[in-house]
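Structure assessment
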Amino acid sequence: MVDEPDTEHVTINVDGEDVRVPPGANLVTALENTGRKVPHYCYHEKLTVAGSCRMCLVETGDPLRDNATGAPLLDEAGKPRVGWAPKPVIACGTTTRHGLHVRLHSPALKRCREGITEFLLTNHPLDCPICDQAGECRLQEYAMQYGRGTSRYDDAKNAKPKHVRLGPRVIYDATRCILCSRCIRFCREVTGEATLGFVDRGPHNFISCAPGRELDGNYSLNTVDLCPVGALTSLDFRFKMRVWFLACTASICTESSVGVNTTIWSREGVIYRITPRRNDAVNDTWMPDSGRELYKCINTPKRLDTHVRDGIAVGANEAVAAAARLLRERHVAYVASSHLCVEEQALVARLASLIPGPVYLPRHCGENDGLLLSEDRSPNTRGALITGLVDHLPDSDLTALAASVERGEVNTLLVFREDITRLGMPTEWLRKTGLRIIYIGTHADDTVTHATVVLPGLLVFEKSGTFVNAQFRLQKFFAAVPGPANVSPEIATLLRLIEKTQTPDQPALSAENPPALLDALWSELGALPGPLHGIDHTTIPSTGLLLDGTPWRHLPFPETKMLHHAPAQAPARLHTA
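In what follows, the accompanying structure is described. (Residues numbered from 1 in each chain as written. Predicted model: local features only at pLDDT ≥ 70, side-chain atom pairs only at ≥ 80, totals over all residues. Heavy atoms only, no water.)

Points about the pattern of salt bridges
Working definition: two side chains of opposite charge can pair if their charged atoms are close together. What counts, and what does not: When a carboxyl oxygen of Asp or Glu lies within 4 Å of a side-chain nitrogen of Lys or Arg, that pair is called a salt bridge. A run of H or I in DSSP counts as a helix once it spans at least four residues, and a run of E counts as a strand once it spans at least two, with each numbered from the N terminus.
For the structure shown, the criterion picks out 30 salt bridges. Salt-bridge contacts for Glu214 lead to Arg165; the nearest nitrogen and oxygen are separated by 3.6 Å. Of the two residues, Glu214 is situated in the loop between strand S10 (206–209) and helix H5 (222–226) and Arg165 in strand S7 (residues 164–165); the sequence distance between them amounts to 49 residues. Notably, a salt bridge pairs Lys463 with Glu344, separated by 2.6 Å at the nearest N-O pair.

Description of the packing of helix H2 (residues 107–120) against helix H3 (residues 138–146)
Packed helices, taken two at a time, are described by their axes: the angle between them and the distance between them. Filter applied, for reference: Interaxial angles span 0 to 180 degrees and are taken between N-to-C directions of axes, which are lines fitted to C-alpha atoms, for helices over the stretch in contact. For classification purposes, angles smaller than 35 degrees are called roughly parallel, those larger than 145 roughly antiparallel, those between 65 and 115 roughly perpendicular, and all remaining angles oblique. For any pair of crossing helices, the crossing counts as left-handed if the nearer helix is rotated counterclockwise from the farther one by less than a right angle, and right-handed if it is rotated clockwise. The contact criterion used is simple: two residues touch if any of their non-hydrogen atoms lie within 4.5 Å. Amino acid classes used here: Ala, Val, Leu, Ile, Met, Phe, Trp, Tyr, Cys and Pro are nonpolar; Asp, Glu, Lys and Arg are charged; the rest, including Gly, are polar.
Between H2 and H3, the shortest axis-to-axis distance is 10 Å and the interhelical angle comes to 130°. Here H3 runs oblique to H2, going by the angle between their axes. Judged by the sense of rotation from one axis to the other, the crossing of H2 with H3 is left-handed. Between H2 and H3, the contacting residues are Arg113, Glu114, Thr117 and Leu120 on the first element and Leu139, Tyr142, Ala143 and Tyr146 on the second. Taken together, the residues of the contact of H2 with H3 break down into five nonpolar, one polar and two charged.

Quick notes on the environment of Val10
Operational definition: Whether a residue is buried, partly exposed or exposed follows from its accessible area with a 1.4 Å probe, protein chains only, as a fraction of its type maximum: under 20%, in between, or over 50%, in that order.
Mapped onto the secondary structure, Val10 falls in strand S1 (residues 10–14). With relative accessibility at 5%, the residue Val10 sits in the buried group. Residues Val10 and Pro211, spaced 201 residues apart in sequence, show a C-alpha to C-alpha distance of 48 Å.

In structure tokens form, the structure reads like this:
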């Protein structure tokens, strides 16, 4: 073994092979980062160590040294002699150090893991065919690897509470619980609420809520994600679908500017659940419960799926042509949205340069929970700044725009995904002014009822693009399910409007192939000066790309401290031109 420790890595020996790992790292995580799996239940990298399941037992040892001189003792082959610990130790309670020797596979460890598996299955019910955890259950997987195949237990299984409603979204089955305490530690260490705890003793031990409380916080479903078996299940997903039938798509939560990384689970055009996707720079492995329910707005009675002109359903080309005619009258203002992706905002900015008019960006605010919900309840405010769509923070209302309309300076509005009747332009006022509205969005509201032209759009689950979060981190999302028939992505709709409003000598992108269009658009965005310069959309990492937000540091962004966001701290590594 090389005896040259450094400050960044140490050398350990795993089953006879030297590997380099960070010093002081948890052994389970360090080994997993080298591609070596250590079976475990209770350990989680983002929680404190409990050491209760004993599944991660390994054998460890250190090189022997001469007591008098401190020189390493060598064997006949000239290699360091190792003094092995008399018994296996838990890997989750061991940290890496230079010279550490580890055995992951030995007859003794095999017997240990077989014994732990048999012990956990003693009272565990044999209900895998009806368990929601089937397909992603560690107990199932380890039972196949380390189980005996037969049971030596002849007594009746211990009966514990079943179908216990811990909160409005979580169901608990104590007969399946292996008492790993992950859910308890999450509540205490992440949300800061000691909601869950163990009750009773010995074989009757199970998890329960504190007296007079229930698991009703906005992060309760993270306990379901953490549960390695089927003890905690989601009431929303319960008995809906087997996970091996579902396709996984990487996406971004649009609930706030945090930009929580998510995974969308779908089958045959239907979304069944949304779970957090790990990104240690943004959300670790957590997400709010409220963000998991956003997909339910896909199929609602208010969903727009028809192109409309003057209250009559028309074809897409006719509706776009009518919108272009209104825009060419040139008394235009734009009500953009921070829910538009970077690509859409860039095209709105291009349209506003072809047909000049003021651009307004409404503000959406909420309370900061200190974790993954920020004050800015929109996903792409910083994208509007980076693309040049606006040069200021969002407006609290549209009273300034209303004043321009009354002065006759604006007679046509192009509105994106915003209900202007709630932003200082009420319904009665719209009737009096006769303002012509072109609306591009996904759901009907009071603004749509007054729109001259309605162009339906797609939700974040139905298209691909990028958002820029509160850290100025550029993150990609992908289409998980198809949108309504005959409804194009807003990128294609905007390009058609641009084609019909620009002069023939100006270059234009084709709107016929949206997937190829995204790459073509990014070839233009990456050529522009600014934070997006030189970026290739296809090579943006799954964890996002941190942009240079220095030009906008003077703006009073509303976000305060969150899980991985501190307003006063500058990013350590930036992508710059």
